[in-house]
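Examination of the molecular architecture
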Amino acid sequence: MAAPKVAVVGAGVIGLSTALCIAETCPGCSVTVLSEQFSPNTTSDVAAGMLIPHTYPGTPIHVQKQWFKETFAYLFAISNSAEASEAGIHLVSGWQVFKNTPKEELPFWSDVVLGFRPMSKAELQKFPQHRFGQAFTTLKCDCPPYLLWLEKRLKATGVQMYTRKVADLWELHSEYNGVVNCAGIGARQLVGDEKLFPIRGQVLKVHAPWVKNFIRDGDGLTYIYPGIHRVTLGGTREKESWSLSPDPGTTKDIFDRCCTLEPSLRGAQDIEVKVGLRPSRQHVRLQREVLSQGGVQLPVVHNYGHGAGGFSVHRGTAKEAARLVGECIAALQGSSSRAKL
């Protein structure tokens, strides 16, 4: 059989990292990324890129933890290399604070991040409205640089990238032996997934180089995440809202909430507003499927629906998707060798 051809639909962090994992684990495979948008115009470009997991109610915790561990280990190695600055990946320490002690004082990911511990009374004095907190060190991806770094890695491994709107996965069956669907919120229309819905996120990117520590309210709504060049202030979680237009009232609300946690932000300069639609569902859709029409079959692997947690698990889910692609290719090669017999 000639080198199998695989198309990955979508060029956000999930699509690019999945394409890279396929290229790394299926060396005899020809991989192409097809997307209507590339960086800086993807949902991933708006993301804060902090590795603090979001919990998926429909996915077993041990699976989520594995995805997070693999992602953390992968990015930690990059942060410890000469490519850290180009890839936009760095360690950042800080606090997650709660107005009341949470039921779960030790989240499932507490032993994956570095130095996780309860905050001391002295540290909590910084947050007079909060009664409990956790201190730890985690990783942050500055998103546009990380996406560009992934694209560069893909080109170096021979992966092709084309701007193309795919309206139906079946349209790819004559050109490719298999397709990977990493279309994010676009999967709702692309494969008719009614379980997928947008959660609108509005964030501010500001110049405040004196802010070195992350601060996150335990409800996950208000957060301050320092990047290499800009600090991301958030946020919103507006379920079923499709609007990509920044809302000035929301901008003021986010800024005021963040200044309550970190008053020095009143001096922040050069405020830029970004909006993205998180592709959300009860659990990530990560599975194989075979589409068939008139006796012709097209193997598909789905990897989408990561919601607010895409960056925290992107490498783990990409590895799993690449493993499923490997299974599809093995099945194709098995059937073609049987056909020769």
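Within an unreviewed UniProt entry, the label attached to the chain reads D-aspartate oxidase, and the organism entered is Ciconia maguari. Within the UniProt record for the chain, the comment given under Sequence similarities (unreviewed entry) is "Belongs to the DAMOX/DASOX family."

Volume-wise, the second largest pocket comes out at about 260 Å³. Lining the second largest pocket are 14 residues, with Cys 143, Pro 144, Pro 145, Lys 205 and Arg 230 positioned closest to its centre. The biggest single contributor to the lining of the second largest pocket is helix H5 (residues 143-156), with three residues. In terms of residue class, the lining of the second largest pocket is made up of four nonpolar, three polar and seven charged.

Here we come to the UniProt feature "domain: FAD dependent oxidoreductase" (unreviewed entry) in the chain. In the numbering used here, UniProt assigns the feature "domain: FAD dependent oxidoreductase" (unreviewed entry) to residues 5-324. Annotated as residues 5-324, this span is 27% helix and 33% strand, and its ends, taken at the C-alpha atoms, are 15 Å apart.

Below, the discussion takes up the packing of helix H2 (residues 61-79) against H5. One way to put it is that H2 packs onto H5 with a least axis distance of 14 Å and a crossing angle of 90 degrees. With respect to their mutual orientation, H2 and H5 come out roughly perpendicular. On H5, the residues touching Tyr 74, Leu 75 and Ile 78 of H2 are Tyr 146, Trp 149 and Arg 153. Grouping the constituent residues of the contact of H2 with H5 by class yields five nonpolar, no polar and one charged.

A complete count under the given rule lists zero disulfides for this structure. Of all cysteine sulfurs, the one in Cys 143 lies closest to Cys 141, which takes part in no disulfide; the gap is 6.2 Å. We classify Cys 141 as buried; its relative accessible area is 0%. With no disulfide of its own, Cys 259 lies closest to Cys 258 among cysteine sulfurs, the gap being 7.1 Å. For Cys 259, a relative accessible area of 4% corresponds to the buried category.

With the rule as written, the count across this model stands at 25 salt bridges. A salt bridge links Arg 266 to Asp 256, with the shortest nitrogen-to-oxygen separation between them at 3.4 Å. Of the two residues, Arg 266 is situated in the loop between helix H7 (248-261) and strand S13 (269-293) and Asp 256 in helix H7; the sequence distance between them amounts to 10 residues. Accessibility expressed as a relative area gives 24% for Asp 256, which makes it partly exposed. Between Arg 285 and Glu 289 there is a salt bridge, with its nearest N and O atoms 3.5 Å apart. According to the relative accessible area criterion, Glu 289 is partly exposed, its value standing at 30%.

Helix length check: H7 (14 residues) gives 20 Å between terminal C-alpha atoms against 20 Å at 1.5 Å per residue, within 8%. Among all positions in H7, only Thr 250, Thr 251, Ile 254, Phe 255, Cys 258, Cys 259 and Leu 261 are buried. Viewed end-on, H7 has its buried residues packed into an arc of 165 degrees, placing them on one side of the element. Elements in contact with the buried residues of H7: strand S3 (89-98), strand S8 (197-207), strand S9 (214-217), strand S10 (223-226), strand S11 (231-234) and S13.

This brings us to the nonpolar core. By size, the foremost hydrophobic cluster in this structure holds 65 residues, and its most contacted members are Ile 22, Val 33, Leu 75 and Tyr 146. The greatest single-element share of this core, amounting to nine residues, is contributed by helix H8 (residues 310-340). In contact with Tyr 146, other than residues within four places in its own chain, are Val 13, Tyr 74, Leu 75, Ala 87, Ile 89, Cys 141, Phe 311 and His 314. Counting residues in each nonpolar core, the second largest holds 21 residues, with Met 119, Ala 208, Cys 258 and Ala 268 among its members.

Take empty space enclosed by the protein next. Across all of its chains, the model carries one cavity of 30 Å³ or more by this definition. By volume, the largest cavity is sized at about 70 Å³. Lining the largest cavity are 14 residues; nearest its centre among them are Val 6, Gly 178, Val 179, Val 325 and Cys 328. Contributing elements (two or more residues each) for the lining of the largest cavity: strand S1 (5-9), strand S7 (178-181), strand S14 (296-306) and H8.

This brings us to unusual backbone geometry. Residue Pro 40 follows Ser 39 across a cis peptide bond; omega there is 15 degrees. By the secondary structure assignment, Pro 40 is in the loop between strand S2 (30-35) and H2. Gly 235 follows Gly 234 through a cis peptide bond whose omega is 5 degrees. One can find Gly 235 in the loop between S11 and strand S12 (238-239).

Conventions and cut-offs
- Residues numbered from 1 in each chain as written.
- Predicted model: local features only at pLDDT ≥ 70, side-chain atom pairs only at ≥ 80, totals over all residues.
- Heavy atoms only, no water.
- UniProt positions renumbered as here; feature names shortened; annotations may be inferred.
- 1 Å grid on protein atoms, 1.4 Å probe; cavity = no way out; pocket = protein on both sides within 12 Å on 5 of 7 lines; lining within 4 Å.
- Points joined across faces, edges and corners; volume = space filled by probe spheres on them.
- Helix = DSSP H or I, 4+ residues; strand = E, 2+ residues; numbered from the N terminus.
- Nonpolar A, V, L, I, M, F, W, Y, C, P; charged D, E, K, R; others polar.
- Axes fitted to C-alpha atoms, helices over the stretch in contact; angles between N-to-C directions.
- Parallel < 35°, antiparallel > 145°, perpendicular 65-115°, else oblique.
- Contact = heavy atoms within 4.5 Å.
- Disulfide = S-S within 2.5 Å.
- Buried < 20%, exposed > 50% of the residue type's maximum accessible area, 1.4 Å probe, protein only.
- Salt bridge = Lys/Arg side-chain N within 4 Å of Asp/Glu carboxyl O.
- Expected span 1.5 Å × (residues − 1).
- Arc of directions from axis to C-beta.
- Core = buried A, V, L, I, M, F, W, Y, C linked by side-chain atoms within 4.5 Å.

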